[in-house]
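# Inside the fold
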Amino acid sequence: MKVFEKNSNIFKLLSEAISEGIIVVNREQLIVATNGAANESFGYDTDELIGKRLDTLIPQKFHHNHQSHFKGFVSKSEKRSMGKGRDLYGMRKNGEEFPVEVGLNPFTIYDNDYVMALVIDITERKEQEKQIQELNIELERKVEERTEKLHHTIHELQEEVKLRKEAEAKAKESLKKEQDLNELKTKFLSLVSHEFKTPLSGILTSTTLVGKYTKEEQQEKREKHLGTIKNKVKYLDNILNDFLSVERLDSGKVNYKLSVFPLSKVINEVIYDANMLLKDGQKIKYPDDIDGYNIEFDEKILELSLTNLIRNAIKYSGEHTVIDLQVYFSDEELTFKIVDQGMGIPEKEKKFIFKRYFRAENALLDQGTGIGLNIVKNHLENLGGSITFTSEENKGSTFIIQIPRTYNNH
């Protein structure tokens, strides 16, 4: 300390010119010199700190660590910052703690070791750092909040896009259905116009001619035209029944009636009616060994199905051909095969054959509504049955009906 007294004028001249606080301690950590900035920072009067231990300026909770750090620093005797990577605090005379930054510089004078500490009060800097940190936290919070809102908005937009796409898809689907419906209506009106006009013209012609045959010897001609009228009326009746079947199927108003009946009864009625439609030289081959078989099914639906298929076979087969009706029994089901030698179905149109109002391009010149097979398929499937086919153009077709055999008695 005497060294600093002897050179006090020089020390004061140098130290007071510095705005940072200067504290000089010896090996025993006793303060030997301070400048005005240090006294002001720590709240002491001039020379009040001289002779006090350095611990006086350090908060009590840091004393233990400070002792070990100081001894290590003195033994190494190198210039460096104190508390690198850690927050340092000084303690004012009134006991108030405040953040500091300390630079240490060891030196030796007259064989005595000293440490000069350059102390800077960084309260204002820490406050600014705190404000910046708080601002950063607030900014991060706002960013997170805005990001969350943005994600929420994006999610809402995605949902909106999804809903709009679904609405658009539904609108397109509705439009497609409406277009298909309009197309079906157009086909239907054209079909009805054509299918009704032709037989009605025949009925009108035959009725007119019947009126002209008044003599007894012309009875055969009258019978011929009366037969034509009957056939045309029956044809129209069948068309109307088909349309009624379509309406009932679409509205779900079909009431099926299961009953037990002889299989031969239905077969005989179907073939009897079909015989009146045969072309020159055509014949129907009757199935073998069906007498005595009773089955349980909807009799009207079975008759309608077989009638439709056999009439198609007659219509689309040429003269002098055979329509073969085959029946097969198994424990689980009853199978009908209607085999013809007709025009067959073009390969590219086979997938449409059961669609309503569809008619193959090679059959457009023949009368027909294109709804018979569709009706048969729907009725059979509603009753647990099925209808399939194989066909080769210009060689013929085989239609196969399979129905569950819930009852039989031989």
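First, a word on what this report is: a plain description of the structure on this page. Given the structure is predicted, the values throughout are model-derived calculations rather than measurements.

The rules behind these values
- Residues numbered from 1 in each chain as written.
- Predicted model: local features only at pLDDT ≥ 70, side-chain atom pairs only at ≥ 80, totals over all residues.
- Heavy atoms only, no water.
- Axes fitted to C-alpha atoms, helices over the stretch in contact; angles between N-to-C directions.
- Helix = DSSP H or I, 4+ residues; strand = E, 2+ residues; numbered from the N terminus.
- Left-handed = near helix turned anticlockwise from the far one by under 90°.
- Contact = heavy atoms within 4.5 Å.
- Nonpolar A, V, L, I, M, F, W, Y, C, P; charged D, E, K, R; others polar.
- Pairing = 2+ DSSP bridges.
- Buried < 20%, exposed > 50% of the residue type's maximum accessible area, 1.4 Å probe, protein only.
- Phe/Tyr/Trp six-rings, centres within 6.5 Å; stacked < 30°, edge-to-face > 60°.
- Lys NZ or Arg CZ within 6 Å of the ring centre and 35° of its normal.

On to the packing of helix 7 (residues 263-275) against helix 8 (residues 299-315). In the contact formed by helix 7 and helix 8, the axes pass within 10 Å of each other and the chain directions differ by 35 degrees. For helix 7 against helix 8, the interelement crossing comes out right-handed. Packed against helix 7, whose contacting residues are Leu 263, Lys 265, Val 266, Ile 267, Glu 269, Val 270, Asp 273 and Ala 274, the element helix 8 presents Glu 299, Leu 302, Glu 303, Leu 306, Thr 307, Ile 310, Arg 311 and Ile 314 at the interface. The residue makeup of the contact of helix 7 with helix 8, split by class, is nine nonpolar, one polar and six charged.

Ordered by their spatial adjacency, five strands build an open sheet running 8-10-11-13-12, and the pairing between neighbours is mixed. Here the strands that pair on one side only, and so sit at the sheet edges, are strand 8 (283-285) and strand 12 (386-392). The average angle at which neighbouring strand axes cross in this sheet is 15 degrees, direction not considered. Relative to strand 13 (residues 396-404), strand 11 (residues 333-339) is paired through seven bridges, and the arrangement is antiparallel. In the sheet register, Glu 333 faces strand 13, and the bridge partner there is Pro 404. Those strands touched by helix 7 are strand 8, strand 10 (322-329) and strand 11, and its axis lies near 170 degrees from that of strand 10.

One non-glycine residue with positive phi stands out, namely Asp 289, at about 55 degrees. Among the secondary structure elements, Asp 289 is positioned in the loop between strand 8 and strand 9 (294-298). Of the residues examined, Asp 289 reaches a relative accessible area of 67% and is grouped as exposed. Positive phi values are uncommon outside glycine, yet Asn 394 reaches one of about 70 degrees. Within the secondary structure, Asn 394 sits in the loop between strand 12 and strand 13.

Right, let's get into the packing of aromatic side chains. One pass over the structure, following the stated rule, counts six aromatic pairs. Plain terms: the ring middles of Phe 389 and Phe 399 are 5.4 Å apart, the flat faces sit at 25 degrees to each other, and that makes the pair stacked. With Phe 389 in strand 12 and Phe 399 in strand 13, this residue pair connects regions lying ten residues apart in the sequence. Since its relative accessible area comes to 18%, Phe 389 is described here as buried. Judged by its relative accessible area of 10%, Phe 399 is buried. Taken together through their ring pairs, the aromatic side chains of Phe 354, Phe 389 and Phe 399 make up a single cluster. A cation over an aromatic ring shows up here: Arg 92 above the ring of Phe 98, its NZ or CZ 4.0 Å from the ring centre.

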